[in-house]
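Here are the chains, one letter per residue:
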Amino acid sequence: MYLYPFYITPSPPPTNISLLAIGLLKLYIFTSQHSLKVTEGRIRYITMAESTSFDYVIVGGGLSGCALASRLKRALPGSSILVVEAGPNPGPEHDVVTLLGGFALQNSALDWQFQTAPTPSTGGRAHTLTHGKTLGGGSVLNYGGWGRGDAPDYDHWATKVGGDPRWSYKGLLPYFRRSERFYDRSASAEHHGFEGPMKVTPILASNAARRYPLREPLEKGWTELGVKRNPDPFANPLEGLSDYYESWEDGKRRPSYLAYPLDGVTVKTACPATQILFTTVAGKPKATGVKLADGSTVTANKEVILSAGTLQTPRLLLRSGIGTPAALSAHNIPLVASLPGVGEQYFDHFALFQWFKVKDPSRGLAIGHPSLSADAFVAGMPADWTTNEGLPRAVLEKALDEDDVAGAERAALLQPGRVFVETLILYHPLAPVFPLDGSVLCSSVMLTLPSSRGRVALRDDADAETPHIEPGYFTTALDRACLVYGVRRLLKLMLGTEALKDYVEAELTFPGLAPLTPESSDKEIEDRIRALGVAHFHAAGSCSMGRVVDGDLKVKGVEGLRICDASVFPAPVGGHPMASLYGVVEQAADIISGAAQA
């Protein structure tokens, strides 16, 4: 989960937000701009001269790459594994442990800060996309929200991969359980894991001192609007009001390289991969290694695995000759394999952030008031609830008609109980343009099943280290209907319920924008979304299963090359993707190690 509403103000964004960081808990690891090997939980420096040949070369040391390397090493202890990461190690100058320290990581050396092309559907704005550029990737920068989404989301995945049951919810459930250490051992063992590396806890159970004053008023407000309590969103369908779950442990984040130990894995940081190398075996291209930015090459004796992320994995494929022939020809790149799906069907969880003024802030309702200054209140995301809602049937059908959605796709979206919007209320303004004095609340209304699609391509300079990105946000009638509906529900909650009338005064906004109210028109809400809507930085789908990779995550048309990151998601899931990614990685490790042992 990322929550970075800093780049949605009409004025230029601040470049220094380190004042938001509280404390500085150092991450005790040695740092280097070179290679390192993790052995028995410790890090020692090595040089690539020690070895340039490995059984598995994993490109990308983010959430997926680190977790996959760890699981492969455990399953195949005799194998040699190299992780190549473009970014640096997260050194002690960066607070990668605390929640508010994480705010200062945006626009730092640990953030790619991808720039999109101007986007017509959002007023011609170019969007800045935060993505981890460091060992641990997004697990270092995100805010630790833990939610799988809904079972039908994954069942839809399975249909996209020719009915492959491994990618259905039932097929993925053992891997979701394997990744998690659920806080309540009396919970259903069918739906929860208790021995995994990621501790999963609701805010209410995280710390006895962590009690936010608005918990009960918000619950009553949602009840007024007809939203039912969901006591376990992992064991039940997702719809309803549920506790917010997170993966913080004792107030500290758990980056993937700590949660999944890299003992015995070789890691090369601060060295981007520039190209996948191929040879021809029996008339078919086979990946044999990777060329690095320093000019060196490494050989993969068995497989190259791309875990560079949704925005970089397709760029590497295209630069290496895998993609649409016409696009490759335009850059004078020799064709290795024709695979038109590369870089297409990219999606993200698009959202609108809003801010609300608290009535009588002296009561201590939001972070910034002295009564909420204890460390416990920022030992994770300052929130209580996650609200997941569907769309009225008539509104949904009208939008699907306008988008010409038919057949199985339409039937899947019309299933009773499908969730289309998620709402969070945060007791912290998050954005430095608002005072941190206990007078401001922040909200996020997010599309859970966006139908808008974008694309990732090469820049005019094919060797540029970042791709050309056309996000395509908010371009379908379904997305417009869902987000407008979700924002209107939020406005009714905050400004139109008896439960909150004594707590919330009005929406706060920026100069030149009129505050929204429950009486605002659909057009006024839609205009606001176009002006200020942003992605949650949950990019996925650009090398999806069924189009670019098969059910074994093998890149079609070549040998020796797989992908394991969010780019393989064939459709959105109704949750923040960290839990989904760890489940995908756990299954990928079984698939790859199983093939090696066959």
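Residues numbered from 1 in each chain as written. Predicted model: local features only at pLDDT ≥ 70, side-chain atom pairs only at ≥ 80, totals over all residues. Heavy atoms only, no water.

Draft legend 1. Main features of the overall build of the protein. A tally of regular secondary structure across the protein gives 14 helices and 26 strands. The globule rule puts the C-alpha radius of gyration for 598 residues at 25 Å, and the 23 Å found for the protein is close to it. For the protein, the proportion of contacts with a sequence separation of at least 24, taken over those separated by at least 6, is 73%. Working note: accessible area of the protein is about 21,300 Å², and carbon and sulfur atoms make up 53% of it. Across the protein, the mean location of the 56 positive side-chain charges is 4 Å away from that of the 62 negative side-chain charges. (Helix = DSSP H or I, 4+ residues; strand = E, 2+ residues; numbered from the N terminus. Rg over C-alpha atoms; globule rule 2.2 N^0.38 Å. Contact = heavy atoms within 4.5 Å. Areas by Shrake-Rupley, 256 points an atom, 1.4 Å probe, with all protein chains shown as cover. Lys, Arg positive; Asp, Glu negative; His and termini not counted. Charge placed at Lys NZ, Arg CZ, Asp CG, Glu CD.)

Draft legend 2. Examining the nonpolar core more closely. If you look at the biggest cluster of nonpolar residues, it comprises 94 residues, and the most contacted ones within it are Leu68, Trp157, Leu317 and Leu561. Counting residues per element, this core draws most heavily on helix α14 (residues 578-597), which supplies ten residues. In this structure, Leu68 is in contact with Ile58, Ile305, Ser307, Cys564, Val585, Ala588, Ala589 and Ile592, ignoring residues within four places of it in sequence. By size, the runner-up hydrophobic cluster in this structure holds 80 residues, among which are Tyr346, Leu430, Val440 and Leu500. (Core = buried A, V, L, I, M, F, W, Y, C linked by side-chain atoms within 4.5 Å. Buried < 20%, exposed > 50% of the residue type's maximum accessible area, 1.4 Å probe, protein only.)

Draft legend 3. Geometry of the packing of helix α4 (residues 169-179) against α14. Axis separation between α4 and α14 bottoms out at 8 Å; the angle between their running directions is 105 degrees. Compared by their axis directions, α4 and α14 come out roughly perpendicular. Each of Gly171, Leu172, Tyr175, Phe176, Arg178 and Ser179 in α4 lies in contact with α14, whose residues at this interface are Ala579, Ser580, Tyr582, Gly583, Val584, Glu586, Gln587 and Asp590. The residue makeup of the contact of α4 with α14, split by class, is six nonpolar, five polar and three charged. (Axes fitted to C-alpha atoms, helices over the stretch in contact; angles between N-to-C directions. Parallel < 35°, antiparallel > 145°, perpendicular 65-115°, else oblique. Nonpolar A, V, L, I, M, F, W, Y, C, P; charged D, E, K, R; others polar.)

Draft legend 4. Fine view of α4. The set of residues buried in α4 consists of Tyr169, Gly171, Leu172, Leu173, Tyr175, Phe176 and Ser179. Residues of α4 that are buried sit in contact with α3 (151-160), β7 (180-182), β8 (198-202) and α14.

Draft legend 5. Examining the pattern of salt bridges more closely. The final tally for this structure, using the stated rule, is 33 salt bridges. The shortest N-O distance in the salt bridge between Lys133 and Glu465 comes to 4.0 Å. Of the two residues, Lys133 is situated in the loop between β6 (128-129) and α2 (138-141) and Glu465 in the loop between β22 (454-457) and β23 (468-470); the sequence distance between them amounts to 332 residues. Here Glu465 falls in the partly exposed class, since its relative accessible area comes to 42%. Measuring nitrogen to oxygen at the nearest pair gives 2.9 Å for the salt bridge that ties Glu195 to Arg185. Taken as a pair, Glu195 in the loop between β7 and β8 and Arg185 in the loop between β7 and β8 lie far apart in primary sequence, ten residues in all. The class for Arg185 is exposed, based on a relative accessible area of 55%. Via salt bridges that share partners, Arg215, Glu219, Arg229, Asp243 and Asp384 belong to a single interconnected network. (Salt bridge = Lys/Arg side-chain N within 4 Å of Asp/Glu carboxyl O.)

Draft legend 6. Expanded view of the side chain of Gln312. With respect to the element layout, Gln312 can be found in the loop between β14 (297-306) and α8 (313-319). In terms of polar contacts, Gln312 uses its side chain to reach the backbone carbonyl oxygen of Glu465, at 2.9 Å. Sequence-distant contacts of Gln312, defined by excluding residues within four places in its chain, comprise Trp112, Phe114, Glu465, Thr466 and Pro467. (Polar contact = N/O pair within 3.5 Å; in protein donor to acceptor, adjacent residues only side chain to side chain.)

Draft legend 7. Quick look at the packing of aromatic side chains. All chains considered together, the criterion is met by 19 aromatic pairs. The interplanar angle of 10 degrees and the centroid separation of 5.4 Å between the aromatic rings of Trp112 and Phe114 together place this pair among those described as stacked. Residues Trp146 and Tyr582 carry aromatic rings whose centres are separated by 6.1 Å and whose planes lie at 25 degrees to one another, so their mutual orientation is stacked. Here Tyr582 lies in helix α14 and Trp146 lies in the loop between α2 and α3, a separation of 436 residues in the sequence. For the pair formed by Trp146 and Tyr582, the shared burial category is buried. Among the aromatic residues, those joined into a ring-pair cluster are Tyr154, Trp157, Tyr169, Phe176 and Phe569. One Lys or Arg, Lys133, reaches over the ring of Trp112 and ends 4.3 Å from the middle of that ring. (Phe/Tyr/Trp six-rings, centres within 6.5 Å; stacked < 30°, edge-to-face > 60°. Lys NZ or Arg CZ within 6 Å of the ring centre and 35° of its normal.)

Draft legend 8. Structural context of helix α6 (residues 215-224). Within α6, burial applies to Arg215, Pro217, Leu218, Gly221 and Trp222. In a view along the axis of α6, the buried residues occupy a sector of 170 degrees, so they form one face of it. Structural note: α6 exposes Lys220 and Thr223 on the side pointing more than 90 degrees away from its buried face. As for α6, its buried residues are in contact with α5 (203-206), β9 (240-243), β19 (383-389), β20 (421-426) and α12 (477-496). Count one or two residues on from α6 and you reach Gly226, which has phi positive near 90 degrees. (Arc of directions from axis to C-beta.)

Draft legend 9. The sheet that holds β7, seen in detail. Taken together, three strands build an open sheet; the order of strands is β7-β8-β10 and the sheet is mixed. Two strands lie at the open edges of the sheet, namely β7 and β10 (245-246), each paired on one side alone. Of the strand pairs in this sheet, β7 and β8 are connected by three bridges, and their pairing is parallel. When the sheet's bridge partners are listed, Phe182 is paired in β8 with Val200. Across the sheet, α4 touches β7 and β8, and the angle it forms with β7 is around 70 degrees. (Pairing = 2+ DSSP bridges.)

Draft legend 10. Summary view of the environment of Tyr346. Within the secondary structure, Tyr346 is located in strand β17 (residues 344-346). A relative accessible area of 0% places Tyr346 in the buried class. Along the sequence, Tyr346 and Cys543 sit 197 residues apart, while their C-alpha atoms lie 8.1 Å from each other. At a separation of 3.4 Å, a polar atom in the side chain of Tyr346 contacts the side chain of Tyr473.

Draft legend 11. Structural view of the sheet that holds β23. Taken in spatial order, the three strands make up an open sheet running β17-β22-β23, and their pairing is antiparallel. Each edge of the open sheet is held by one strand with a lone partner, namely β17 and β23. With strand direction ignored, the average angle separating the axes of adjacent strands in the sheet is 35 degrees. As defined by bridge partners, β22 adjoins β23 across three bridges and the pair is classed as antiparallel. Pairing of Arg455 across the sheet is with Glu470, part of β23.

Draft legend 12. Just the pairing of β14, in detail. Looking at chain direction, strand β3 (residues 53-59) and β14 are connected through six bridges and run parallel. Each residue of the ladder has a partner; that of Ser53, found in β14, is Thr299. Summarising the sheet, strand β13 (residues 284-292) and β14 pair through three bridges and their orientation is antiparallel. Across the sheet, residue Val290 finds its bridge partner in β14, namely Val298. What sits between β13 and β14 in their antiparallel hairpin is a turn of four residues, with Gly295 showing a positive phi close to 95 degrees.

Draft legend 13. Seen up close, unusual backbone geometry. Its identity as a non-glycine residue notwithstanding, Ala282 has a phi of 55 degrees, on the positive side. Relative to the assigned elements, Ala282 resides in the loop between β12 (273-281) and β13. Its relative accessible area of 81% is what places Ala282 among the exposed residues. Its identity as a non-glycine residue notwithstanding, Phe474 has a phi of 60 degrees, on the positive side. For Phe474, the location among the structural elements is in the loop between β23 and α12.

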